[in-house]
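Survey of secondary and tertiary structure
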Amino acid sequence: MGGFGSLLADASITCFVFFPTLAALPLMLMGRASARTVKVYGLVVALLEVALIAHWTLESWDAAGMVARDPALPWIELPGLTIAYEVGVDGISLPLVLLTGLLLPIVLLGSWRGIERHWAGFVGSMLVLTTGVLGALVALDLFLFYVFWEVMLIPMYFIIGIWGGERRVRAAVKFFLFTMGGSLFMLLAILWLGWSHAGLTGAWSFRYEDLLRVDLPAGQQLWLFAAFAAAFGVKVPMFPVHTWLPDAHVEAPTGGSVVLAGILLKLGTYGFLRFALPLFPHGAQALAPVLVFLALVGIVYGALVAWVQPDLKKLVAYSSIAHLGFVMLGILAADLVAWQGALLQMVNHGLSTGALFLLVGMLYDRRHTKKFEDFGGLAKVVPWYSLALVFSALASVGLPALNGFVGEFLILLGTWDAGLRLAAGVAAFGVVLAAVYLLHMLQATLWGPLTREENRGLRDLDAREIATLAPLCLLMLWIGVAPRGFLEPSRPALESVLSDYRARIERPAPERPTLLDGGGAERRAFAMASAERER
Amino acid sequence: VIASFEIPAADLAALAPEILLAAAGTAILLLEAFAPGLRRTLCGLAVAATVAAAWLVAGLAPATAFHGLVEATPLTGAFSQAILAVTGLALLASDGWLRRERLLAGEYPALVLWCACGLLLLVRSVELLSIFLALELLSVGLYGLAGFHRRLAVSAEAAIKYFLMGAFVSSFVLFGIALLYGETGSTRIDAVAAALSAGTRSPGLAVFGLLLLAAGFAFKLGLVPFHAWTPDVYQGAPSPFVAFLSVAPKIGSAVVLVRILDLAVQGPLGARWADLAAILAVASMLVGNLFALVQRDLKRMLAYSGVAHMGYLLIPLSAPGPDAWRPVLVYLVAYALMNAGAFAVVSILYARAGEQHAISNLSGWGSRFPLLAACLTVFMVSLAGVPPTAGFLGKYFVFLHAIEHGRLALALVGIAASLVGVAYYLRVVYVLYMKPEASAPEGVRADAAGTAAVLLAAAATLVLGLFPSRLLGWVVAALPGG
């Protein structure tokens, strides 16, 4: 494993992917250490991880937005079946990688008081989870992707199941079974794809770039796309396989909810954008009407259900379904503007919903309740808290000059341009609904007379909590005011994926599996980028 | 007329591992009788004998011996190593249990070594009567070991059940061999295959014979509908012995079953045999997983889960051919490590003689026994087939083979079944970490050898999942034409 070791030593993608897990190993010996030691250790590791990602981005990120990769390493080698360890970051994965890095210290800080036992286990789970997420984001081989994808399940199962609320176990098992059920279909589809590649070239391959060249008949594309959609759709989650999400969110500890909403859900939409659509354009095209319909149902249904929730956390959880419906709509529109909006909206949702979950958690830490009926008129008691909640809620609503507006606007614009006007109209109605339920939330908690005596002595935000929220709020504002800097890095990658996608849609699907020539723009760009980066 | 009874040295050398194991077993018995002071070292001696046998297996040159009764190929070598690895693990796990139950005696390691000897022969035999003899050598040892806890009624019950059914099945096998011999005039597998493909007088008899043979080994594997013995026997038999019983005989029997199916598809019915395997696979996966779901006893749950795993193992046999060896071998190695490891943990954590092995007993022990609980979690996750573990690798190769051979429906059933599996494997993890402690452990003491066995198995399970190249390289070297 000399190659792997030297990659780790190098400030490479591999390094920031595996650093959290390696850093989790000493935790196994820290079972007797005080919670404080473990917390500080976890925070230091998280900050180092942020530094590693930032360092890599500044040093090695390809400004053209194309894939920057580590040299590939042999991993599994069999005659006729080679699986390489191959990772890279392009303009599509970079925003999510950065978001993942950013949220790690915030999650630990945000859990400071909420988590009361087994801190070593909690930090370890979070760190391993981070490796799983980052690995899934950077994998350029579908086998590797699948491994990372599944690695995420176990730590999340523990996070919900050990540190969650009263009905945590049910929620954890439901989360695990739903996700695993979807992804097993994807596993079969991945195997089928590799087998098709073997049939065409004589060699098994699960490399993303190799599989992009496999052009399958329309019928096969349909089924394989459906299998991928099963895996990613559960994760997003799309109606009607969303039912695990409210349970998981409500029972998960604050940190778990933030990671779940902020990062894990994004992997579903990322999967559509990265794998499902580019690999099976005709399948995607055939199923797009169904998925668009489901996305719209998600937007409206999520919003309506959020509206009637008696509990802050449930409201935020259902709002995620609605927001992710927007992202799905943008992805399915297959339009550059919509894709840019969708990608930005993935980050936006991570920031604003992450902040909302943190704020709900802070309230819960103080009062041990999340019910609306226990609050009301808090604005007078905890002004700074109220400010943060209003700010995050407005960002989530999509108020102009905040981040949510940019993402939603681009998605609606792109969807309209792509000809899905009815869908854009329905989605715009969803924006109104979002305003309704989030303002309802603010109304019920912050404004009006102080309804409960026990809320009179509520503490306002302390320094740690401000430190947790400030980066998120700053980014929300920054993206809202100057979105260009966040949109541009992703543009070339999105353009090339989209042009390949469109080119393949325009041709009819072949009668029998065929191998596309290596002429795809994305493939060329990948090859160029990798040639440049031969170290 | 046998003129002289000389055995060529080359033939003897070909059986060196088996001879070593048999001799070591005998030596241990003699030590037990004449030097009882050494009793405490006997399990260690047996482990050493296993290691030595593994070394001998590695040195075997590919050849056939005894006029084609046994063969040595890289493939049989790989299976033999897997068997010996499990034997070593089970012996390590047994030592502490034998001391705790005050049953420390030479019979136990001796019987295990003889079972291993029978298994190595079973894997290497290419002649039906040798297969039968090897099977009997194995079975007799297993019957004795199942009832080894002689003060416990459940143990005796397990032994009697296993013995009655096993004896019945042995007669099936023997009758099947007789029928095939009557039909084809030979008991050598290659000769039988040639005669079958040339066509025989009464194909019905040949089919019946093959069915009886297959049924015999399906029984040993615990495939539905021959699985009923597994939960009862697993529950009553000594836990560290179940680490051996649930794994090693299955490796040997699976090899023979592959050989029988390869043989069967030559004869009447042809490819229909593959469909039969597919039906057994589906039945085993569904029955095993669904019954495991409702078990409250950990050992019974693992027994049904074993039924399901043998179902997965059978998926590649629905398309018999030389390339079926790869998924079978990888799956068996993965299954061997994780299942033996799980039972090794069970034998440490359930310390009261004759107690039920309720899963809920483990409530909250995750923080009391962090190391063992973490290892048990690894085994459960691996059994559930979640990466990055050996269990995933096994499932991966099985499904890969199914897709390659157009058995998509089987793969889909396999997926549905493994999802059910996830539910009950996770329950163990849930009980360990997410429930408050229900009862303080009584008399649980993790002995060094047992812990070592658990750690070895867990490490191997993870390493095979993360860096499978080593294992796979070894497998490829062992595969025909690889």
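If you're wondering where the values come from, they're calculated on a predicted model, not measured in any experiment.

Turning our eyes to something else, we now look at the nonpolar core. Ranked by size, the top nonpolar core spans 391 residues in total, and within it Phe 228 and Phe 272 of chain A carry the most contacts. The leading source of residues in this core is helix α15 (residues 325–349) of chain B, at 20 residues.

Residues and elements named next belong to chain A. Enumeration according to the criterion identifies 25 salt bridges over all chains in this entry. Lys 174 is the partner of Asp 247 in a salt bridge, and the nearest nitrogen-oxygen pair spans 2.8 Å. You can see Asp 247 sitting in helix α11 (residues 244–251) and its partner Lys 174 sitting in helix α8 (residues 168–201), a full 73 residues away along the chain. Residue Asp 247 is classed as buried on the basis of its relative accessible area, which comes to 18%. Across the salt bridge formed by Glu 465 and Arg 464, the nearest N and O atoms sit 3.7 Å from each other. For Glu 465, a relative accessible area of 0% gives the class buried. The buried category is assigned to Arg 464, whose relative accessible area is 15%. Look at the salt bridges and you will find they share partners, linking Arg 69, Glu 86, Arg 207, Glu 209 and Asp 210 into a network.

This next bit is on the side chain of Arg 367 of chain A. Residue and element names in this part refer to chain A. One can find Arg 367 in helix α15 (residues 336–367). Taking the relative accessible area as the measure of exposure, Arg 367 reaches 17% and is therefore buried. Apart from residues lying up to four places away in sequence, Arg 367 is in contact with Asp 374, Phe 375, Glu 454, Asn 455 and Leu 458.

All names here are of chain A. Applying the stated criterion across every chain yields a total of 48 aromatic pairs over all chains. Their ring planes at 50 degrees and their centres at 6.0 Å tell us that Phe 18 and Phe 148 sit as a pair that is tilted. In this pair, Phe 18 sits in helix α2 (residues 13–24) while Phe 148 sits in helix α6 (residues 142–151), placing the two residues 130 residues apart along the sequence. Look at Phe 145 and Phe 275: their rings are 4.4 Å apart centre to centre, the planes differ by 45 degrees, and that puts the pair in the tilted class. Of this pair, Phe 145 sits in helix α6 while Phe 275 sits in helix α12 (residues 254–279), placing them 130 residues apart in sequence.

With that out of the way, let us pick up the confidence of the model for chain B. Residue and element names in this part refer to chain B. Of all residues in chain B, 97% attain a pLDDT of 70 or more, and the chain-wide mean is 89. Between the elements of chain B, mean pLDDT differs from a low of 71, seen in helix α21 (residues 469–478), to a high of 95, seen in helix α5 (residues 107–124). Interface confidence in the predicted complex, given as ipTM, is 0.87; pTM for the same model is 0.90.

We now examine a nonpolar patch on the surface. Residue and element names in this part refer to chain A. A contiguous nonpolar patch, built from Leu 22, Leu 25, Met 28 and Leu 29 and spanning about 480 Å² of accessible area, is present on the exposed surface. Counting through the fold element by element, Leu 25 comes out in the loop between α2 and α3 (35–60). Accessibility expressed as a relative area gives 43% for Leu 25, which makes it partly exposed.

Attention shifts here to the packing of helix α7 (residues 153–163) of chain A against helix α19 (residues 408–434) of chain B. Look at α7 of chain A against α19 of chain B: their axes get within 10 Å of each other, and the N-to-C directions meet at 45 degrees. In terms of axis orientation, α7 of chain A runs oblique to α19 of chain B. Between α7 of chain A and α19 of chain B lies a crossing whose hand is right-handed. Residues Tyr 157, Phe 158, Gly 161 and Ile 162 of chain A of α7 of chain A form the contact with α19 of chain B, whose participating residues are Leu 426, Val 429, Tyr 430, Tyr 433 and Met 434 of chain B. Residues of the contact of α7 of chain A with α19 of chain B, tallied by class, amount to 8 nonpolar, 1 polar and no charged.

Moving on, we get to the environment of Phe 208 of chain B. Residue position: Phe 208 of chain B is located in helix α9 (residues 203–221). Sequence separation between Phe 208 of chain B and Gly 176 of chain B is 32 residues; the distance between their C-alpha atoms is 7.2 Å.

Right, let's talk about the interface of chain A and chain B for a bit. On the side of chain B, 36 residues touch chain A, which itself brings 34 residues to the contact. Interface area for chain A against chain B, summed over the two sides, is near 3200 Å², with a carbon-plus-sulfur share of 84%. Here chain A and chain B share 0 salt bridges between them. Here chain A and chain B share 3 residue pairs in polar contact (both at pLDDT 80 or more) between them. Elements that contribute at least two residues to the side of chain A that touches chain B include exactly β2 (73–78), β3 (81–85), α6, α7 and α8 of chain A. If one sorts the elements of the side of chain A that touches chain B by residue count, α8 of chain A sits on top with 13 residues.

Turning our eyes to something else, we now look at helix α10 (residues 229–236) of chain B. The periodicity of an α-helix, 3.6 residues per turn, causes residues three or four positions apart to be oriented the same way. Of all 8 residues making up α10 of chain B, 6 are buried, and the element is well covered by its neighbours. Tucked inside the fold, the buried residues of α10 of chain B contact α7 (153–184), α9, α11 (239–245), α12 (248–264), α14 (298–314) and α15 of chain B.

Within the fold, Pro 387 of chain B resides in the loop between α17 (370–383) and α18 (390–404). We classify Pro 387 of chain B as buried; its relative accessible area is 1%. The spacing of Pro 387 of chain B and Gly 465 of chain B is 78 residues in sequence and 6.8 Å in space, taken between C-alpha atoms. The contacts of Pro 387 of chain B, once residues within four sequence positions are left out, are Tyr 146, Val 147, Glu 150 and Val 151 of chain A together with Phe 392 of chain B.

Cut-offs and rules
- Residues numbered from 1 in each chain as written.
- Chains lettered and ligands numbered in written order.
- Predicted model: local features only at pLDDT ≥ 70, side-chain atom pairs only at ≥ 80, totals over all residues.
- Heavy atoms only, no water.
- Core = buried A, V, L, I, M, F, W, Y, C linked by side-chain atoms within 4.5 Å.
- Buried < 20%, exposed > 50% of the residue type's maximum accessible area, 1.4 Å probe, protein only.
- Helix = DSSP H or I, 4+ residues; strand = E, 2+ residues; numbered from the N terminus.
- Salt bridge = Lys/Arg side-chain N within 4 Å of Asp/Glu carboxyl O.
- Contact = heavy atoms within 4.5 Å.
- Phe/Tyr/Trp six-rings, centres within 6.5 Å; stacked < 30°, edge-to-face > 60°.
- pLDDT = per-residue confidence, 0-100.
- Patch = residues over 30% accessible without salt bridge, like charges linked within 9 Å, V, L, I, M, F, W, Y side chains within 5 Å.
- Areas by Shrake-Rupley, 256 points an atom, 1.4 Å probe, with all protein chains shown as cover.
- Axes fitted to C-alpha atoms, helices over the stretch in contact; angles between N-to-C directions.
- Parallel < 35°, antiparallel > 145°, perpendicular 65-115°, else oblique.
- Left-handed = near helix turned anticlockwise from the far one by under 90°.
- Nonpolar A, V, L, I, M, F, W, Y, C, P; charged D, E, K, R; others polar.
- Buried area = accessible area lost by both parts, 1.4 Å probe.
- Polar contact = N/O pair within 3.5 Å; in protein donor to acceptor, adjacent residues only side chain to side chain.

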